[in-house]
Amino acid sequence: MLFKSLEFKNVVGQKVKVVDIPVLEEENSYYFMIQVRLQTFITAIYQERNARKFYSFKEYLKRVMKWPDYEQLFKSAELKNNA
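Residues numbered from 1 in each chain as written. Predicted model: local features only at pLDDT ≥ 70, side-chain atom pairs only at ≥ 80, totals over all residues. Heavy atoms only, no water.

Caption draft 1: Fine view of a nonpolar patch on the surface. Among the surface-exposed residues, Val11, Val12 and Tyr46 lie close enough to one another that they form a single nonpolar patch of about 230 Å² accessible area. When you line up the elements, valine 12 lands in the loop between strand 1 (3-9) and strand 2 (15-22). (Patch = residues over 30% accessible without salt bridge, like charges linked within 9 Å, V, L, I, M, F, W, Y side chains within 5 Å. Areas by Shrake-Rupley, 256 points an atom, 1.4 Å probe, with all protein chains shown as cover. Salt bridge = Lys/Arg side-chain N within 4 Å of Asp/Glu carboxyl O. Helix = DSSP H or I, 4+ residues; strand = E, 2+ residues; numbered from the N terminus.)

Caption draft 2: Region of interest: the sheet that holds strand 1. Strand order in the open sheet made by the three strands is 1-2-3, with mixed pairing throughout. The sheet terminates laterally at strand 1 and strand 3 (54-56), the two strands that pair on one side only. Pairwise comparison of adjacent strand axes, ignoring direction, gives a mean angle of 20° for this sheet. Bridging between strand 1 and strand 2 involves six bridges; their strand directions are antiparallel. From the neighbouring strand, lysine 9 faces strand 2, where its bridge partner is lysine 15. Sheet contacts for helix 2 (residues 57-64): strand 2 and strand 3; angle to strand 2, the most-contacted strand, approximately 65°. (Pairing = 2+ DSSP bridges. Axes fitted to C-alpha atoms, helices over the stretch in contact; angles between N-to-C directions. Contact = heavy atoms within 4.5 Å.)

Structure (structure tokens):
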């Protein structure tokens, strides 16, 4: 899975970086949900006065998504014979 990052300035001008944003195809069943959650997450960070400089969107999703959905979204293909 590919990940992207986003960097912006919040309401007080502090530089904030959000990493681990999954890149999904538009046909993916989780595409809309991830877009909405990302917008909500960024809006909350933007309004925060005492924001940290670094956020992980993947960790945020771990807290707010149902665990089976999270596992399905971030499932990793197991390598055969350590290849």
